[in-house]
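Results of the structural survey
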Amino acid sequence: MIKIIYGSKGTGKTKELIAAANADAQNAKGLSVFITDNKRCMYDVARNVRFIDVTDWSIAGEDALCGFIKGVAACNNDNEYLYLDGISRISGKGIAELAGTFYMFEKISRENNITITVTCSCDKDGLPDFVKKYL
């Protein structure tokens, strides 16, 4: 399953994502991973959620992000939740250009039974159809 949290910059998407990660972690049977491109919210995420700042791993660009997420999914068979904050910032592309990434998310989610939640910095009307289907 893929979930989308959308809204303009400054509307609280990251706070909503953190709240979801912390709530899900309380009842998770598997692992939870929170991926972002900074350490600002590092101490807001629950201890039992793996926090990853992609800048520590020199991840930049869509291909690097896709490969990194595949690696995170592959390294543990018991991943249950994956939270991605700032997909456009990390990939360096606008949301409309990320159809391949969302296809990959869908495949990883389906084949590994991982719930992937992604923040998108745009209004509902600005979401492309390949993203709107997850609302």
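Residues numbered from 1 in each chain as written. Predicted model: local features only at pLDDT ≥ 70, side-chain atom pairs only at ≥ 80, totals over all residues. Heavy atoms only, no water.

So, about the overall build of the protein chain. Helices and strands together make up the secondary structure of the protein chain, namely five helices and five strands. Going residue by residue from the N terminus, the α and β elements of the protein chain occur as β-α-β-β-α-β-α-α-β-α. In terms of overall dimensions, the protein chain has a C-alpha envelope of 35 × 30 × 30 Å along the principal axes. Burial statistics for the protein chain: of 135 residues in total, 46% are counted as buried. (Helix = DSSP H or I, 4+ residues; strand = E, 2+ residues; numbered from the N terminus. Buried < 20%, exposed > 50% of the residue type's maximum accessible area, 1.4 Å probe, protein only.)

One pass over the full model with this rule turns up six aromatic pairs. Among the aromatic residues, those joined into a ring-pair cluster are Phe34, Phe51, Tyr81 and Tyr83. (Phe/Tyr/Trp six-rings, centres within 6.5 Å; stacked < 30°, edge-to-face > 60°.)

Here the focus is the side chain of Ser109. Relative to the helices and strands, Ser109 is located in helix α4 (residues 99–112). Its relative accessible area of 4% is what places Ser109 among the buried residues. Among the polar contacts made by the side chain of Ser109, one reaches the main-chain amide nitrogen of Met1 at a distance of 2.4 Å. Dropping the residues within four chain positions of it, Ser109 is found in contact with Met1, Ile2, Ile114 and Ile116. (Polar contact = N/O pair within 3.5 Å; in protein donor to acceptor, adjacent residues only side chain to side chain. Contact = heavy atoms within 4.5 Å.)

Considering all chains together, one arrives at zero disulfides under this definition. Looking at the unpaired Cys41, the closest cysteine sulfur is the one in Cys120, lying at 16 Å. Here Cys75 is not disulfide-linked; the sulfur of Cys66 is the nearest cysteine sulfur, at 16 Å. (Disulfide = S-S within 2.5 Å.)

Okay, the layout of surface pockets next. Here the largest pocket defines a volume of roughly 420 Å³. Lining the largest pocket are 20 residues, and of these Lys13, Thr14, Arg40, Asp85 and Arg89 lie nearest its centre. Listing elements by their share of the lining of the largest pocket, those giving two or more residues are α1 (13–27), α3 (87–91) and β5 (115–120). If one sorts the elements of the lining of the largest pocket by residue count, α1 sits on top with four residues. When the residues that make up the lining of the largest pocket are grouped by side-chain class, the tally is four nonpolar, nine polar and seven charged. (1 Å grid on protein atoms, 1.4 Å probe; cavity = no way out; pocket = protein on both sides within 12 Å on 5 of 7 lines; lining within 4 Å. Points joined across faces, edges and corners; volume = space filled by probe spheres on them. Nonpolar A, V, L, I, M, F, W, Y, C, P; charged D, E, K, R; others polar.)

All right, on to the pattern of salt bridges then. Under the defined criterion, the tally for this structure stands at seven salt bridges. Salt-bridge contacts for Asp85 lead to Arg89; the nearest nitrogen and oxygen are separated by 3.9 Å. On the basis of relative accessibility, which here comes to 3%, the residue Asp85 falls in the buried class. Assessed through its relative accessible area of 44%, Arg89 is described here as partly exposed. (Salt bridge = Lys/Arg side-chain N within 4 Å of Asp/Glu carboxyl O.)

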